[in-house]
2 protein chains.
Amino acid sequence: MPESPIRKLFPLAEAAKARGVKVYHLNIGQPDLPTPQVGLDALKQVDRTVLEYSPSDGYRSLREKLVEYYAQYQIRLTADDIIVTTGGSEAVLFAFMSCLNPGDEIIVPEPAYANYMAFAVSAGAVIRPITASIEDGFALPSVEKFEELINDRTRGILICNPNNPTGYLYTRREMMQIRDLVKRYDLFLFSDEVYREFIYTGSPYISACHLEGIEQNVVLIDSVSKRYSECGIRIGALITKNRALHDAVMKFCQARLSPPLVGQIVAEASIDAPREYHTEVYDEYIARRKCLIDGLNRLPGVYSPIPMGAFYTVARLPIDDSDRFCAWCLGEFDYEGETVMLAPASGFYSDPTCGRNEVRIAYVLCQQDLQRAIRVLGEALKRYRREVMGEE
Amino acid sequence: MPESPIRKLFPLAEAAKARGVKVYHLNIGQPDLPTPQVGLDALKQVDRTVLEYSPSDGYRSLREKLVEYYAQYQIRLTADDIIVTTGGSEAVLFAFMSCLNPGDEIIVPEPAYANYMAFAVSAGAVIRPITASIEDGFALPSVEKFEELINDRTRGILICNPNNPTGYLYTRREMMQIRDLVKRYDLFLFSDEVYREFIYTGSPYISACHLEGIEQNVVLIDSVSKRYSECGIRIGALITKNRALHDAVMKFCQARLSPPLVGQIVAEASIDAPREYHTEVYDEYIARRKCLIDGLNRLPGVYSPIPMGAFYTVARLPIDDSDRFCAWCLGEFDYEGETVMLAPASGFYSDPTCGRNEVRIAYVLCQQDLQRAIRVLGEALKRYRREVMGEE
């Protein structure tokens, strides 16, 4: 199992705080925005006397409510297509365990969410990366690049759309290219779409479930964590119209007995959050995105594409080594008693030579803090380049 | 992945209910007794605005409270020895994933909890069973039987104590034999002790954590599910004093981000359940155990040892095939509009020839229902032997 490069920074962050330094956390995917009140209220209304097992695939009432939710996005499902999981993480793990044998390969455009790699290792499978580049705004690499990697061990393609860590949103044309590949080579398409609420451009959201002719190949990975700011309740979903795969996944579900009961109650209630909840959250992210991206691109030598969705961006910094820089920010730097914690992009690439001068920045702080954090980052870059890199 | 023999019975049970037949569920490990009020109240007192991720190893406050809990059983731990997991199930999975490579073997006395097998398959490991027999009351098989199976792929021994499905409690002498084996061959000892509250004889509870000289080898699997009737909150624990193992398990924990937040709040509160809660639950199980075992042993041809702990027994029935009998009870039998659902013991043995005439019976029904269920079982046995087995 690989260790996350960001986890290695935690002791440094703790030490900085112990020295009295304020740390702006630009490294995490934990929204600071509130959980919907209807979700919080649901906790207070639990009137059971036994907190018992739920069905292994989750309560039917939740799955039926999710059917309505997906219908808003023109994703047509029945409750039997949905398996409730313990977070999106378990959905990825069970998808891999059910679809992949040891040695099987999946193709993943990188940079990519680091834990996919951990789940692939758990399943004994191999991730074959295709590198998307910051120069192209992290667009989908060409079909030829995929085809170069396809061999008789290739079982699937994994995408995250909108993307963590880049914020990229695949276009209709790109999604059709993926569809054609999946169909031509009869692959699984694992599509992690947990950020669909967070799309900031006029571009349409094309779900893997919208693609015609590959209905049996698509495995949708989902979670309520981000859309309702409910990361802690651990409720996700694995969605497939492939009955054989559904039944295989259910064996893993039955072995772990059931997803969390209370989380399901909260998630089900949260689907009824009023429109204003989503509007407020959305407007706030729009404002933060502008604040962050404008601020970053004004710093000398820094470049960030404009993310179309999610609440992250991958930015290029004028540095030699982002692992070293991120550690230095925490361990050896402060500006007026403050510093920043960033996620080195090395954690999002399989190839250790990729992303050496990139970092992932999450905009899960209020605008005032974001502005201040960008100021601190600018000072850190100046000082790092002078003191560590020896620039004039 | 194997499919549980008991899961195959579910559609038959549903169909029986749809025909209006009342089904006594003697097949499940879901206690009917209430969750402690302090646990239920904790839900109503959650005053957070964001249901955020918890630490990957669980809240320190819960782990510190668990340290006090274990101290009552003379298990001396620090909070850093405890990793909070998503149910005991995840603790077993992560223990196997962290300790075992594909092809590695663990020795498991059978009959055993069926899902261990599923988690071993997930880790690519192999379970080597040793059969305990009903004639010996399911006592630990001899040391020689273990030694016959030990080879250079053997990495551990797994026990469940008190035992699901047999209710057996390992004696001090048996635990010392296990200790000596573990020490001699430098094995891991995976010890699932989730039923420690439910020990009904004067015999002492010997935890794997009490065994001297193998502190680095022991992996304790635990869960609050049974002791507080909180199966649904999915809070368990993996406990080890082996730092290298702890760190390996943490990589899996970090990949799945965090255990359920709300469950941790409920579990932490439940540790403060008043003594009367435990006394009432305990007295109820004592009474049910007597009711069930007396009743079973009065049925012609039926034999059940007296379980010393947990809330199950494995009974021998005068039948040819328990899978067939259990399916027949649901599909083709009723007595005055009622029938019973039992767990065929075939699900608890690797060898399909073992346990053909055994069933697991859980005493998670009130005494009145248990008495009635035994009456119905007696009628089922009479009719099955006459109509299906062709006995006079």
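Parameters at a glance
- Every chain's residues receive numbers from 1 upward, in the order its sequence appears when written.
- Chains carry letters from A onward and ligands carry numbers from 1 onward, assigned in written order.
- Totals for whole chains, interfaces and linings use every residue, but because this is a predicted model, local features are given only for residues with pLDDT of at least 70 and side-chain atom pairs only at 80 or more, for both listing and counting.
- As a rule here, side-chain values cover all heavy atoms of the structure and leave hydrogens and water aside.
- We define a salt bridge as a side-chain nitrogen of Lys or Arg found within 4 Å of a carboxyl oxygen belonging to Asp or Glu.
- To sort residues, take the accessible area from a 1.4 Å probe on protein chains only and compare it with the maximum for the residue type: under 20% means buried, over 50% means exposed, and anything in between is partly exposed.
- Here a strand is any run of E in DSSP of at least two residues, a helix any run of H or I of at least four, and the numbering for each starts at the N terminus.
- Domain start and stop points were drawn from an automatic or database domain assignment.
- The term buried area means the drop in 1.4 Å probe accessible area that two parts suffer when joined, counted for both and summed.
- In the analysis that follows, any N or O atom pair within 3.5 Å is treated as a polar contact, provided that within protein one partner can donate a hydrogen and the other can accept it, and provided that, for residues neighboring in sequence, both atoms belong to side chains.
- Side-chain classes are defined by residue name, with Ala, Val, Leu, Ile, Met, Phe, Trp, Tyr, Cys and Pro counting as nonpolar, Asp, Glu, Lys and Arg as charged, and the others, Gly among them, as polar.
- We call two strands paired when DSSP finds no fewer than two bridges between them.
- Side-chain atoms within 4.5 Å are what join buried Ala, Val, Leu, Ile, Met, Phe, Trp, Tyr and Cys residues into a set we call a nonpolar core.
- By definition, residues are in contact when any of their heavy atoms lie within 4.5 Å.

Trainee: Before we go on, may I ask you to explain the pattern of salt bridges in this structure?
Mentor: Once their charged atoms are close, side chains differing in charge can pair, the charge on each being opposite to the other. All names here are of chain A. Counted under the stated rule, the structure contains 56 salt bridges over all chains. Measuring nitrogen to oxygen at the nearest pair gives 3.0 Å for the salt bridge that ties Arg48 to Glu52. Overall, the relative accessible area of 22% leaves Glu52 in the partly exposed class. The salt bridge involving Glu379 is made with Arg375; its shortest N-O contact spans 3.9 Å. Remark: Arg375 and Glu379 occur in helix α12 (residues 367-387); sequence separation between them is 4 residues, near one turn of the helix.

Trainee: Mind showing me how you'd approach the domain arrangement of chain A here?
Mentor: Many analyses report the size of an interface as the accessible area lost when the parts associate. Residues and elements named next belong to chain A. You can read the domains of chain A as domain 1 (7-34 + 276-387) and domain 2 (37-270). A straight line from the C-alpha centre of domain 1 to that of domain 2 covers 27 Å. Around 2700 Å² of area is buried between domain 1 and domain 2 when both sides are counted, 62% of it from carbon and sulfur atoms. For the pair domain 1 and domain 2, the interface holds 1 salt bridge. Residue Arg316 pairs with Glu135 through a salt bridge whose shortest N-O separation is 2.9 Å. The interface formed by domain 1 and domain 2 holds 13 residue pairs in polar contact (both at pLDDT 80 or more) in total. Looking at the side of domain 1 that touches domain 2, the element that brings in the most residues is helix α10 (residues 275-298), giving 7 residues. Here the side of domain 1 that touches domain 2 is composed, by residue class, of 21 nonpolar, 7 polar and 5 charged.

Trainee: It is not clear to me how the sheet that holds strand β11 (residues 343-344) of chain A should be interpreted in this structure. Could you clarify?
Mentor: Neighbouring strands of a sheet are bound in pairs by backbone hydrogen bonds; such pairs are parallel or else antiparallel. All names here are of chain A. On the basis of which strands lie adjacent, the open sheet formed by 3 strands has the order β9-β12-β11 and antiparallel pairing. Strands with a single pairing partner mark the edges of an open sheet, and in this sheet they are β9 (312-316) and β11. Bridge analysis of β11 against strand β12 (residues 358-362) gives 2 bridges, and the strand direction is antiparallel. Bridge pairing in β12 places Ala343 opposite Arg360.

Trainee: I keep staring at the pairing of strand β12 (residues 358-362) of chain B and nothing clicks. Help me out?
Mentor: If a strand is regular, its side chains alternate between the two faces of the sheet. Residue and element names in this part refer to chain B. The buried count for β12 comes to 5 of 5 residues, which makes it a mostly enclosed element. Residues Glu358, Arg360 and Ala362 of β12 are buried on one face, and the alternating residues Val359 and Ile361, pointing to the opposite face, are buried as well. Where strand β9 (residues 312-316) lies against β12, 5 bridges are found, and the strand directions are antiparallel. Across the sheet, residue Thr313 finds its bridge partner in β12, namely Ile361.

Trainee: Got a minute to help me understand the nonpolar core in this structure?
Mentor: A general feature of soluble globular proteins is that nonpolar side chains tend to end up buried together. If you look at the biggest cluster of nonpolar residues, it comprises 131 residues, and the most contacted ones within it are Tyr70, Ile157 and Leu189 of chain A together with Tyr70, Ile157 and Leu189 of chain B. Looking at this core element by element, the count peaks at 6 residues for helix α9 (residues 261-270) of chain A. Setting aside anything within four residues of it in sequence, one finds Leu189 of chain B in contact with Ile157, Ile159, Ile178, Val182, Ala208, Leu211, Ile214, Asn217, Val218 and Val219 of chain B. One finds Ile106 of chain A together with Cys99, Phe119 and Phe190 of chain B within the second-largest nonpolar core, a separate group that totals 68 residues.

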